[in-house]
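The lines below spell out each chain.
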Amino acid sequence: MNDDYLWDRSGPPDPEVARLEETLAPLRYRHRAGLVEARRPRVWWAAAAAVLLAAVATWQVSLRPSPVTAWQVAGLEGNVRLGGRNAEVSMTLRSGQLLRTGADSQITLQADQFGQIDLGSDSELRAATDQHVLLDRGQLHAFIWSRPGVFQVATPSARAIDLGCEYTIQVTAAGDGLLRVSRGWVAFQYKGHESFIPAGAACVTRKQEGPGIPYFEDTSEALREALREGALDRVLAAATPHDGLTLWHLLTRVPASDRARVYDRFAALVEVPSDVTREGVLRLDAHMIDRCWDALVLENTEWWRGWERKW
Amino acid sequence: MIYTGMNACATEEDDSLILAAAAGDRGAFGELYVRYARMVHGILLARVPPRDAEDLVQDVFVSAMRQLRGLRTAAAFRGWLAAIARNRAMDYFRGNWRNAPLDEAVERQHGAPAAPEDAFMVLELIKSLPEAYRETLILRLVEGMTGPEIAQRTGLTPDSVRVNLCRGMKMLRELLGGAE
């Protein structure tokens, strides 16, 4: 048998090799975003013990300085204050400490096991733990190399969960925000509703409302403007096959009375699998919504297998 | 099949990243992580239980980052990183009875990634092959790398990778024939 397919996937697929690839794909790297969840003890007494320990720990912690985190100052420019002092290279961020940059100032934080954070001017950041930081205002650029689902940035209007790799979050003084992803994926969550933003896409978030509908940054201005104004008819009219991601998010966000219009446009632009029915999507059948996601054929979405899927 | 210029170009890019990372550029190191994580995971998966391979990828890169400044040439990086991964897999079992290889059926009940039974069965068959074939087949069939990518990432010659793939696949077909 010709081994070109085995070698570099050129030529006609070798059926056995293709079958093995499909069978083994779930074991591929970054398939296990849910691993930590799976290892969590589930017996009730463990939870009760954890609550008790947390209470004791809280009481003890109040008597001593807050713990250090893995984040260290790697570089800075201008006026940067950390915990009420001028920040210096090699200082370590403590849990709960406020990091504040002035005008025309910036700071770079690094944590060997997690990644790098660049904080822009007029920004305020606190680290809750190694994996959780809070951006109150300003601009944060994160390049993360820890496992998907581990590192999170909370903002006043949404929580950004890194699904591997690089993104920028801007938060206004009013608490609204904009997330732009340059590599990998980021999940944006707020009170049970969420948006998934791939490289090249962006998503606005508003205080009290949470993340909006993501869009690719190279999409038409007409679609972006319609999204900003919440004009569904114009969004549907301006959508192209490249905007399947935007329409997929709309499927679960619009009122039931508008869902049919969104699905019809989605099905007209995206090749929907044969086992997906219009009725199934309209009643928000989780499997059907999943299959619509599959139809987007987005690259590098292995994390999806371990995702919570709250719809 | 000719070893193409595209691979040579990718190697040059990697070399620049390796040199930058060795000089302390964390962004370059992060990019190397993105490019080499599948290779490291595949090497680990050929040796340790699937439930722990992903965590060990982190360990390998943390260890590599600490030692990178001691690396004298970019060309050495690939074999060096692969060696760190293999050593880490050996350390995993060495002197720690908790990590001793378990019966596969038992192992599946302890935090292994969600995957069909068939995936674990085929993985075990691959792990029974000679080491050179085992590693190359896992990189190809599990991690989804092509032969040229495997050669470029591991530092093996394309001819060696091709031979390993063909012979390994032949043996795997025979095992699968026997298993069915």
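Preceding this section is the structure that the text describes.
Rules used in this analysis
- Residues numbered from 1 in each chain as written.
- Chains lettered and ligands numbered in written order.
- Predicted model: local features only at pLDDT ≥ 70, side-chain atom pairs only at ≥ 80, totals over all residues.
- Heavy atoms only, no water.
- Helix = DSSP H or I, 4+ residues; strand = E, 2+ residues; numbered from the N terminus.
- Contact = heavy atoms within 4.5 Å.
- Buried area = accessible area lost by both parts, 1.4 Å probe.
- Salt bridge = Lys/Arg side-chain N within 4 Å of Asp/Glu carboxyl O.
- Polar contact = N/O pair within 3.5 Å; in protein donor to acceptor, adjacent residues only side chain to side chain.
- Buried < 20%, exposed > 50% of the residue type's maximum accessible area, 1.4 Å probe, protein only.
- Pairing = 2+ DSSP bridges.
- Axes fitted to C-alpha atoms, helices over the stretch in contact; angles between N-to-C directions.
- Parallel < 35°, antiparallel > 145°, perpendicular 65-115°, else oblique.
- Nonpolar A, V, L, I, M, F, W, Y, C, P; charged D, E, K, R; others polar.

Caption draft 1: Here's a closer look at unusual backbone geometry. Residues and elements named next belong to chain A. Within the chain, S90 stands out as a residue other than glycine whose phi angle is a positive 85°. Note on placement: S90 falls in the loop between β3 (85–86) and β4 (92–94). Located in the positive-phi region is L284, a residue other than glycine, with phi close to 60°.

Caption draft 2: Local environment of the interface of chain A and chain B. Across the contact, 37 residues belong to chain A and 50 residues belong to chain B. Between chain A and chain B, a total of about 4000 Å² is buried, with carbon and sulfur atoms accounting for 60% of that surface. The largest per-residue losses of area from chain A upon contact with chain B belong to W7(A), L27(A) and Y29(A), which jointly make up 22% of the total buried on that side. Summed over the shared surface of chain A and chain B, the number is six salt bridges. Close ionic contact of R173(B) with E16(A) constitutes a salt bridge, the shortest N to O distance being 3.0 Å. Counting across the interface, chain A meets chain B through 13 residue pairs in polar contact (both at pLDDT 80 or more). For the side of chain A that touches chain B, the secondary structure elements donating two or more residues are α1 (4–8), α2 (15–24) and α3 (35–39) of chain A.

Caption draft 3: Representation of the pattern of salt bridges in the model. This model, assessed by the stated rule, comprises 35 salt bridges over all chains. Between R291(A) and D294(A) there is a salt bridge; the shortest N-O distance is 3.4 Å. With a gap of three residues between them, R291(A) and D294(A) both fall in helix α10 (residues 286–295), about one helical turn apart. In the salt-bridge network here, residues are joined through shared partners; they are E166(A), R183(A), E13(B), D14(B), E31(B), R35(B) and R153(B).

Caption draft 4: Region of the structure containing the pairing of strand β13 (residues 193–198) of chain A. Residues and elements named next belong to chain A. For β13, the tally of buried residues reaches five of six residues, placing the bulk of the element in the interior. Relative to β13, strand β12 (residues 177–190) runs antiparallel, the two being bridged by six bridges. When the bridges of β13 are listed, Y190 appears paired with H193. Hairpin connection of β12 to β13: two residues between the antiparallel strands, including K191 at a positive phi of 45°.

Caption draft 5: Representation of the side chain of T69(A) in the model. Residues and elements named next belong to chain A. Looking at where T69 falls in the secondary structure, it is placed in strand β1 (residues 68–77). Residue T69 is classed as buried on the basis of its relative accessible area of 8%. A distance of 3.2 Å separates a polar side-chain atom of T69 from the backbone nitrogen of W71. Reaching out from T69, the side chain makes a polar contact with the backbone oxygen of L93 at a distance of 2.7 Å. Once residues lying within four places of it in the same chain are set aside, the contact partners of T69 are T92, L93, R94, S95, A127, T129 and D130.

Caption draft 6: Summary view of the environment of A64(B). Residues and elements named next belong to chain B. Relative to the helices and strands, A64 resides in helix α3 (residues 50–67). As for A64 and F77, which are separated by 13 residues in sequence, their C-alpha atoms are 9.5 Å apart. Apart from the residues lying within four places of it in its own chain, the contact partners of A64 are F29, W80, L81 and I84.

Caption draft 7: Structural detail: the packing of helix α6 (residues 117–127) of chain B against helix α7 (residues 131–142) of chain B. Residues and elements named next belong to chain B. Packing of α6 against α7 brings their axes to within 9 Å, and their N-to-C directions diverge by 150°. Classed by the angle they form, the pair α6 and α7 counts as roughly antiparallel. In this structure, α6 contributes L123, I126 and K127 to the contact, and α7 contributes R134, L137, I138 and L141. Looking at the contact of α6 with α7 residue by residue, the classes come out as five nonpolar, no polar and two charged.

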